[in-house]
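Coordinates in review
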Amino acid sequence: VQLQASGGGLVQAGASLRLSCVASGRTFSRYIMAWFRQAPGKEREFVAAISSSGGSTLYTGSVKGRFTISRDNAKSTVYLQMNSLSPEDTAVYYCAADSSLTYSQMIYDYDYWGQGTLVTVSS
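Residues numbered from 1 in each chain as written. Predicted model: local features only at pLDDT ≥ 70, side-chain atom pairs only at ≥ 80, totals over all residues. Heavy atoms only, no water.

Turning to the state of the cysteines, a few remarks are in order. Counted under the stated rule, the structure contains one disulfide. Here Cys21 pairs with Cys95 through a disulfide, and the sulfurs are 2.1 Å apart. Judged by the sign of its S-S torsion, about 60°, the cystine formed by Cys21 and Cys95 is right-handed. Separated by 74 residues along the polypeptide, Cys21 in strand β3 (residues 17-24) and Cys95 in strand β9 (residues 91-98) bring together distant segments of the chain. Relative accessible area serves as the criterion here: at 0%, Cys21 is assigned to the buried category. Relative accessible area serves as the criterion here: at 0%, Cys95 is assigned to the buried category. (Disulfide = S-S within 2.5 Å. Helix = DSSP H or I, 4+ residues; strand = E, 2+ residues; numbered from the N terminus. Buried < 20%, exposed > 50% of the residue type's maximum accessible area, 1.4 Å probe, protein only.)

Across all of its chains, the model carries five aromatic pairs by this definition. For the pair Tyr110 and Trp113, a centre-to-centre distance of 6.2 Å together with 65° between the ring planes defines the contact as edge-to-face. Among the aromatic residues, those joined into a ring-pair cluster are Phe36, Phe46, Tyr110 and Trp113. In this structure, Arg44 packs its charged tip against the face of Tyr94, placed 3.6 Å from the ring centre. Taking NZ or CZ as reference, Arg71 lies 4.4 Å from the ring centre of Phe28, over its face. (Phe/Tyr/Trp six-rings, centres within 6.5 Å; stacked < 30°, edge-to-face > 60°. Lys NZ or Arg CZ within 6 Å of the ring centre and 35° of its normal.)

The following block contains the structure:
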């Protein structure tokens with residue numbers, strides 16, 4: 001499956017952004033989808049994941065209550081709504097697809113990756 005992420009940009013602290021990731025090539029609804037991010041000089045980290053049906057989600061602690069992951073299987077798209085952004089959220093955000101049946105926060109469990117979209121939050 002090919003993944004194309006978009007929606008990043010430069011915003012001020014407290015603002016909101018919505019990232020999108022469009023999938024093509026295989027049956028999108030079969031995959032667990034996730035967002036990861038990589039800040040400058042840091043390792044890539046898990047942000048959020050959503051089940052194949054969209055019925056359940058998982059978030060890392062630092063974004064709970066601020067970020068919302070969702071998906072539209074009819075459009076083969078996964079979203080990340082990011083509210084109350086802070087400079088600590090500055091990173092390249094990647095979408096990823098996992099063909100297994102259970103969530104994972106581990107990079108190596110994801111089979112497909114998008115190219116990343118840069119989010120920069122100024123203070």
